[in-house]
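# A closer look at the structure
Here's the letter readout for the chains.
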Number of protein chains: 2
Amino acid sequence: MSYDRIFNFSAGPSMLPVPVLESAREEMLNYHGSGMSVMEMSHRSKVYDEIITGAEALLRTVMGIPGNYKVMFLQGGASLQFAMVPMNLLKSGKADYIVTGQFSGKAYDEAKKYGDIGLAATTKGETFSRVPQQSELSLRKDADYVHICFNNTIYGTRFNYIPDTGNVPLVADMSSCILSEPVDVSKFGLIYAGAQKNVAPAGLTIVIAREELLTKELPAFVPTMCNYAVMADNGSMYNTPPCYPIYICKLVLEWIKSIGGLAGMKKLNEKKAAILYDYLDESALFKNPVSRESRSLMNVTFRAQSDEINDSFVKEAAKNGMANLKGHRSVGGMRASIYNAMPIEGVEKVVAFMKRFEQK
Amino acid sequence: MSYDRIFNFSAGPSMLPVPVLESAREEMLNYHGSGMSVMEMSHRSKVYDEIITGAEALLRTVMGIPGNYKVMFLQGGASLQFAMVPMNLLKSGKADYIVTGQFSGKAYDEAKKYGDIGLAATTKGETFSRVPQQSELSLRKDADYVHICFNNTIYGTRFNYIPDTGNVPLVADMSSCILSEPVDVSKFGLIYAGAQKNVAPAGLTIVIAREELLTKELPAFVPTMCNYAVMADNGSMYNTPPCYPIYICKLVLEWIKSIGGLAGMKKLNEKKAAILYDYLDESALFKNPVSRESRSLMNVTFRAQSDEINDSFVKEAAKNGMANLKGHRSVGGMRASIYNAMPIEGVEKVVAFMKRFEQK
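These numbers were taken from a predicted model, which means no experiment stands behind them.

Residues and elements named next belong to chain A. Splitting chain A by domain gives domain 1 (22-258) and domain 2 (261-359). Placing the centre of domain 1 and that of domain 2 at their C-alpha centroids yields a distance of 27 Å. Together, the buried faces of domain 1 and domain 2 total about 2200 Å²; carbon and sulfur atoms form 56% of this surface. For the interface between domain 1 and domain 2, the tally reads zero salt bridges. Where domain 1 packs against domain 2, one counts 13 residue pairs in polar contact (both at pLDDT 80 or more). Elements with a contribution of two residues or more to the side of domain 1 that touches domain 2: α2 (46-63), β6 (151-152), β7 (157-158) and α6 (243-258). For the side of domain 1 that touches domain 2, the leading source of residues is α6, giving three residues. Classifying every residue of the side of domain 1 that touches domain 2 by side-chain character gives 10 nonpolar, 12 polar and five charged.

As structure tokens, this is what we get:
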């Protein structure tokens, strides 16, 4: 691999495509003859306007976002969305949450500060080793929205279906799966995603919301910066947006387009995940703890029988150019995060290494 | 100038030091042999920890921040601080604001959502052409804090003194002057600054707060992400921080240190500002509308008699490699923002150009 780069299996921030980094390097001191870096541009200049409107247009094309949806480039990560969603969308005061891991649990706890929040389902009793199926959901017909986390980074699970919530808008945290495969945006009232896994460096949050759900008239305690309608009406320019991550986002979207859009991305991601899961299903040493139907395409968790073996595996892998394979501190074991930018060679290398390790 | 770069007088985002951009370019695909870009690093990795703790340590050294102050690397810009300050610091419910321009006006309006906010003074009647002096301030002794904007980007003014607020903590928005000269941090209860002028690219907000002012127990409506105590207790890692701007911030601080710290910075900034103000005081064509004692070191505003001349000046300057000299859309005229990274050659060039323009 050029530049002596390693394969970085971090859950996020995580790998970016090499061509994106090469463009960023190339354009660092002088973007397209403007005489300045993208980091130095006035966000209200013509040259920057082409970047932000270009990024939005590309996102709309690549994801097939319908015209009645607003796209916002915000700050604060998914964690700020945990508050912004209820602050903006609670009207009757009721919402239902499906809790499938640590982050959806945090979203649920934060929402409780703002209204009557129902627990529609949880798989906590099964150590979040799967997501609940449609028949298990207790949904209130008069709720303002239903919230899910589409892919659960820590537990390596994901929804293999879009929950049917009738007329109640579905809100999804897609931080760890956005842009990994095609998704029917029209099935969602609102989608949000921290950018630092599949989109851009940390510091950018993408929000895609059906226009009719947004209203400027919110309770007085809602910070102006947390009002979706204000952000959308100002084209994400109510104040200075995170300009550089938006620029990288545009480069990433161009890269995705060049390899076949989200359909091409899905094919590649399924291939990568299959290499890992197929081996795990055969291995006598390593096990994947997730129910087959809930397996994540992005985060593949596995573990050996003892913490000692797990630790030794993570250390040996790091020495061999495969970094950040340690599982989240709350669950232990291992986790290979194989987001869009992880090349297939990285997955092949880790599986080859697992085989050698198992033989030893 | 190398790389065909231009002199960019933007009010923000604005110029970064060339050595900083060169380091960023050099390290783009492989930071210090880590095999990855800073944009790709797990924020909880050892290699990134050195960056964020290094940035904080440098900021403490360069600004002389006392040990009983917390440093936070946040998101959302000064505009989110307009809400976070009252949400966190209002205890009795009263605060006093000095309004000296558009942004301090926005801060004042936002704070009114949360309590009994007094107008301690304003120079609105004088088109914000100066800041009020100590004797003009109506301060309430039982207020929770007094808020000022230390440097007013749009009007080109700044406080030439630190208001004496007795036992009431002073809160200052220093977005457009932080790191431009030494400041006695111990005189402030809290300082905040959007990074995109003197510190780093947009997307990072620095908050420096006296520890005793922070408390986790806040009204239920305050988003967890807006709770200073939570952010500070987690070392700005409650969630993923804006990692890349923090890295650039560290490079900028190293650059400031290399040219003599804030004392050296001040000397350079005073020299740059004097070149412009001295010429403006003599010019028959261009006038600076600001009272002498309130003149900003960072944003120098000026105008000719007619909008036609102003427009023509801005256009001609841009053709000659001096960009973004147009004044803010709310006031018109011209503005040269000469932040830390603007070289003295840029100021000399613009003054030489003004002289030629005046002769014509």
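All names here are of chain B. Here we have seven strands laid out as an open sheet, ordered β2-β10-β9-β8-β5-β3-β4, and mixed in their pairing. Each of the sheet's edge strands pairs with one partner strand only, and the pair in question is β2 (69-74) and β4 (116-122). With strand direction ignored, the average angle separating the axes of adjacent strands in the sheet is 15°. Sheet strands touched by helix α2 (residues 46-63): β2 and β10 (205-210). Its angle to β2, the strand with the most contacts, is close to 130°.

Here we come to the packing of aromatic side chains. Residues and elements named next belong to chain B. Enumeration according to the criterion identifies 36 aromatic pairs over all chains in this entry. Seen from their ring centres, F286 and F313 are 5.2 Å apart, and the 65° between their planes marks the pair as edge-to-face. Of this pair, F286 sits in the loop between α7 (261-282) and β11 (299-302) while F313 is found in helix α8 (residues 307-319), placing the two residues 27 residues apart along the sequence. Ring centres of F313 and F353 lie 5.4 Å apart, and the angle between their planes is 50°; on these two criteria the pair is classed as tilted. Of this pair, F313 sits in helix α8 while F353 sits in helix α9 (residues 344-359), placing them 40 residues apart in sequence.

All right, on to the relation of the copies chain A and chain B then. Taken as rigid bodies, chain A and chain B are interconverted by a rotation of 180° and an axial shift of 0.0 Å, the fit giving an RMSD of 0.0 Å. Look at the turn and shift together and you get a two-fold axis relating the two. It is R25(A) whose C-alpha, among those of chain A, lies nearest the rotation axis, at 2.4 Å. Most of the interface of chain A is mirrored in chain B, where 100% of its interface residues again form contacts.

All names here are of chain A. If you trace the seven strands from one edge of the open sheet to the other, you get β2-β10-β9-β8-β5-β3-β4, paired in mixed fashion. At either end of the open sheet lies a strand with only one pairing partner, and these are β2 (69-74) and β4 (116-122). Strand-to-strand twist across the sheet, computed as the mean angle between neighbouring axes with direction ignored, equals 15°. Here six bridges tie strand β3 (residues 94-99) to β4, and the two strands are oriented parallel to one another. Its bridge partner lying in β4, D96 is registered against G118. Contacts between α2 and the sheet are confined to β2 and β10 (205-210), with β2 contributing the most and set at about 130° to the helix. Of the strands in this sheet, β2, β3, β5 (145-149), β8 (170-173), β9 (190-194) and β10 are in contact with helix α3 (residues 77-89), which crosses β9 at around 160°.

The next point concerns the nonpolar core. Soluble globular proteins: nonpolar side chains tend toward being buried together. One finds Y244(A), I248(A), F286(A), Y244(B), I248(B) and F286(B) to be the most contacted residues of the largest nonpolar core, which totals 203 residues. Each residue touching I248(B), except ones within four places of it in the same chain, is listed here: M39(A), L16(B), V20(B), A24(B), V199(B), A200(B) and P201(B). Membership of the second largest hydrophobic core comes to 78 residues, among which are L90(A), Y114(A), I117(A) and L218(B).

All right, on to the interface of chain A and chain B then. Taken together, the contact between chain A and chain B spans 62 residues of the former and 62 residues of the latter. The contact between chain A and chain B buries some 4800 Å² in all, and 59% of this surface belongs to carbon and sulfur atoms. The tally of links from chain A across to chain B stands at two salt bridges. Ionic pairing is found between R5(B) and E40(A), a salt bridge with its closest N-O pair at 2.8 Å. Viewed at the interface, chain B and chain A are joined by 27 residue pairs in polar contact (both at pLDDT 80 or more). If you list the elements that add at least two residues to the side of chain A that touches chain B, you get α1 (18-26), α3, α4 (102-111) and α6 of chain A. Of the residues assigned to the side of chain A that touches chain B, the class counts are 32 nonpolar, 20 polar and 10 charged.

Turning next to the packing of α7(B) against α9(B). Two quantities define a packed helix pair, namely the angle between the axes and the distance from one axis to the other. Residues and elements named next belong to chain B. Relative to each other, α7 and α9 sit at 10°, their axes nearing to 9 Å. When the axes of α7 and α9 are compared, the pair comes out roughly parallel. Across from K271, K272, I275, L276, Y279 and L280 in α7, the residues of α9 making contact are I344, V347, E348, V350, V351, M354, K355 and E358. Of the residues in the contact of α7 with α9, the class split is nine nonpolar, no polar and five charged.

Before going further, it helps to examine the confidence of the model for chain A. Looking at chain A as a whole, the pLDDT averages 97, with 99% of positions reaching at least 70. What the predictor reports for the complex is a pTM of 0.98 with an ipTM of 0.98.

Here the focus is helix α3 (residues 77-89) of chain B. All names here are of chain B. Compared with the 18 Å implied by 1.5 Å per residue over 13 residues, the 18 Å span of α3 between its first and last C-alpha is a close match. Where α3 bends most, the angle comes to about 30°, and this point is A83, followed within four residues by the proline P86. Among the 13 residues that make up α3, 13 are buried, leaving the element largely enclosed by the rest of the structure.

The omega torsion of the bond from G12(A) to P13(A) falls at -10°, within 30 degrees of zero and hence cis. Topologically, P13(A) is positioned in the loop between β1 (7-8) and α1. At D4(B), a residue that is not glycine, the phi angle is positive and equals roughly 55°. Relative to the helices and strands, D4(B) resides in the segment before β1 (7-8). A positive phi angle, close to 65°, is found at N324(B), a residue other than glycine. One can find N324(B) in the loop between β12 (322-323) and β13 (334-337). Classification of N324(B) as partly exposed rests on a relative accessible area of 29%.

Moving on, we come to the pattern of salt bridges. Residues and elements named next belong to chain A. With the rule as written, the count across this model stands at 38 salt bridges over all chains. A salt bridge links E316 to K319, with the shortest nitrogen-to-oxygen separation between them at 3.5 Å. Taken together, the positions of E316 and K319, both in helix α8 (residues 307-319) and three residues apart, correspond to about one turn of that helix. Residue class for E316 comes out partly exposed when judged on its relative accessible area of 25%. Sharing partners across several salt bridges, the network here consists of D96, D116 and R140.

Scoring rules and cut-offs
Residues numbered from 1 in each chain as written. Chains lettered and ligands numbered in written order. Predicted model: local features only at pLDDT ≥ 70, side-chain atom pairs only at ≥ 80, totals over all residues. Heavy atoms only, no water. Domains from an automatic or database assignment. Buried area = accessible area lost by both parts, 1.4 Å probe. Salt bridge = Lys/Arg side-chain N within 4 Å of Asp/Glu carboxyl O. Polar contact = N/O pair within 3.5 Å; in protein donor to acceptor, adjacent residues only side chain to side chain. Helix = DSSP H or I, 4+ residues; strand = E, 2+ residues; numbered from the N terminus. Nonpolar A, V, L, I, M, F, W, Y, C, P; charged D, E, K, R; others polar. Pairing = 2+ DSSP bridges. Axes fitted to C-alpha atoms, helices over the stretch in contact; angles between N-to-C directions. Contact = heavy atoms within 4.5 Å. Phe/Tyr/Trp six-rings, centres within 6.5 Å; stacked < 30°, edge-to-face > 60°. Least-squares fit on C-alpha atoms with pLDDT ≥ 70 in both. Core = buried A, V, L, I, M, F, W, Y, C linked by side-chain atoms within 4.5 Å. Buried < 20%, exposed > 50% of the residue type's maximum accessible area, 1.4 Å probe, protein only. Parallel < 35°, antiparallel > 145°, perpendicular 65-115°, else oblique. pLDDT = per-residue confidence, 0-100. Expected span 1.5 Å × (residues − 1). Bend = angle between axes of the 7 residues up to and from the residue.

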